[in-house]
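# Chains, contacts and geometry: an overview
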Amino acid sequence: MGIIARQSIKGAVANYVGVAIGFFVSFFVLTRYLTQEEIGLTRVMVDAALLFSSLAQLGTNASLVRFFPWFKTPSPLRGTPPSKGGERDVLFHSSPSQGEVPEGRRGKEPSQEGIPNHGIFGLSVLVPLAGFCLFALAFLLFREPLLTVYAKNSPLVADYFYLIPMLTFFALYTTVFETNASVLLRITVPKLVREVGIRLFNLAAYLLYGYDLISLDVFVWLFCGSYGLAMVLNLMYLRSLGRISFRIDRGFLDRGKVREMARYSLFMTATVLAGNIPLFNSLFLGAKAGLALTGVYTIASYIANVVEVPYRSLGAISRPVIATAVKEEDWDEVNRLGKQVSLHQFIVSVSILYLIYINLDTLFALIPNGADYAAGKSVVLILGLAKVVNSSLSVCTDILNFSRHYAWSLLYIAILTLAAIGLNSALIGPDGAIEGAASATLISYLAYFALLMRHLFWNERRVNVLTWGHLKMVAIMTALAALYVAWTAIAEPALGMHPLLAAVVRTAILGALLAAAILGWKVSPTVNAMVKRH
């Protein structure tokens, strides 16, 4: 876990710098200079692009992680430190050497030396390009029906609908290049680009528009262009590593492996919806409730998104290691990694949610036009719980997708997708539309992961990511929730402090109690050991 820990920490730092910038932008710039409808417009456009780009990948990102150990060439990545004693290089273990001919490909065209990682980067660029062409064709065919859906309640979406293909292309290759960096165990710079670079560029666009220096049309173009800039920067970084090539080593590929990759990639195309269930919320809200409520929901979701920030780094760097452990059928290691990732993500995410929620009233009182967005308080809690469930248990999805029984994912994804669509359609109504959208996500995730964990236990050598630590953490949070209610109802009115001072004192006391409970009850021996060392 050494290299995972190092890259996770660096990635988490990048994420939290981005969170700090995003906090300022979302709550003190967006709410001041953009209307609720304009905030809703940017959210619908981005979510549509992310959904379409995930389908246009044709499963490339999952295939890249799964099959990279087979393509890996032995020459070290420039700047990669040698492994230290006792540290297992699980990602690069047992991959074919440069020029070595794997079983099943002997007698065919020899491998071309000098192509880094046998040209898997070229494949990862070519396949999504085909997927994007298919998307563009579908977009042209269904453009009018889609416009009709939004024309009544969200006319701004209809006005800028033509920009969605461009935004989809940028989002597609930004993600593809990030995944290439991830399998090379170099995730920090792409995280900085996504979490910091895009936000800073968008901040400039928001301010230019807010001070009436540009029109709405120019603002929307600049907003979309920020993702194009991120795509270019990620490509430049990959090229600087010296380990990519647009050439494909066709002599290295055998038909059996190509068929296996094609089957897996096409299958994963159907399963990408699992990670994009929250995107349905804004798309349904925009169509059924209008962009104003979508804007309120967007601000609430920005707050809730902080909960899953740690998993963005931990998940990105742990997936290649889990993929290798599953490939080698080291189920003890899979079980150990699954428990570690799930428990520590649960501890961090539920703690973050608690500290956010106990200060929500203060936050809404501080931000510009906060009274207009305070209706989203319950959405923050519901969506935050959904983020806790998803980030803590997403490792289950990774394990199943990398196993021989990955085809079962299709059934569970179908259930999840149908549940999300059905619940969004049923729960988004005239009353409680944004709460209904958030509840649809939470209920869908609970059903999905319950089925998934049951499958892993009975079909994958009794893999179980849950521990007693999870149960201890639930008990701690239940007690602290009751303490928060008592504190705000009894202690704070009696003390009569200024709201900002009350928030500081409340956070310090309840936060200290939370940390003491986690350490005192030894929820995670790893955390206790780290604290003891330092």
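Residues numbered from 1 in each chain as written. Predicted model: local features only at pLDDT ≥ 70, side-chain atom pairs only at ≥ 80, totals over all residues. Heavy atoms only, no water.

This paragraph deals with the packing of helix 10 (residues 277-288) against helix 17 (residues 408-427). The angle between the axes and the distance between the axes are what describe a pair of packed helices. At their nearest, the axes of helix 10 and helix 17 sit 10 Å apart, and the two run at 30° to each other. One finds that helix 10 runs roughly parallel with respect to helix 17. The crossing of helix 10 and helix 17 is right-handed. Side by side, helix 10 and helix 17 meet where Ile 277, Phe 280, Asn 281, Phe 284 and Lys 288 of the first sit next to Leu 416, Thr 417, Ala 420, Ile 421, Asn 424 and Ser 425 of the second. (Axes fitted to C-alpha atoms, helices over the stretch in contact; angles between N-to-C directions. Helix = DSSP H or I, 4+ residues; strand = E, 2+ residues; numbered from the N terminus. Parallel < 35°, antiparallel > 145°, perpendicular 65-115°, else oblique. Left-handed = near helix turned anticlockwise from the far one by under 90°. Contact = heavy atoms within 4.5 Å.)

For the protein, the average pLDDT comes to 83, and 85% of its residues sit at 70 or higher. Put simply, helix 3 (residues 60-71) is where the protein has its lowest mean pLDDT, 75, and helix 20 (residues 499-520) is where it has its highest, 95. Taken as a whole, residues 75-111 scores under 50 in pLDDT and shows 66 contacts with residues more than four places along the chain or in a different chain. (pLDDT = per-residue confidence, 0-100.)

The backbone phi angle of Leu 58 is positive, close to 55°, even though this residue is not glycine. Relative to the helices and strands, Leu 58 resides in the loop between helix 2 (36-56) and helix 3. For Leu 58, a relative accessible area of 18% corresponds to the buried category. With phi around 55°, Asn 369 is a residue other than glycine that occupies positive phi space. For Asn 369, the position within the fold is in the loop between helix 14 (360-366) and helix 15 (370-373). The exposure class assigned to Asn 369 is partly exposed, which follows from its relative accessible area of 44%. (Buried < 20%, exposed > 50% of the residue type's maximum accessible area, 1.4 Å probe, protein only.)

For the rest of this paragraph, the subject is the environment of Pro 310. Structurally, the position occupied by Pro 310 is in helix 12 (residues 309-327). Each C-alpha atom of the pair Pro 310 and His 344 lies 9.7 Å from the other, and the pair is 34 residues apart in sequence. The contact partners of Pro 310, leaving out residues within four places of it in the chain, are Tyr 16, Gln 345, Val 348 and Ile 352.

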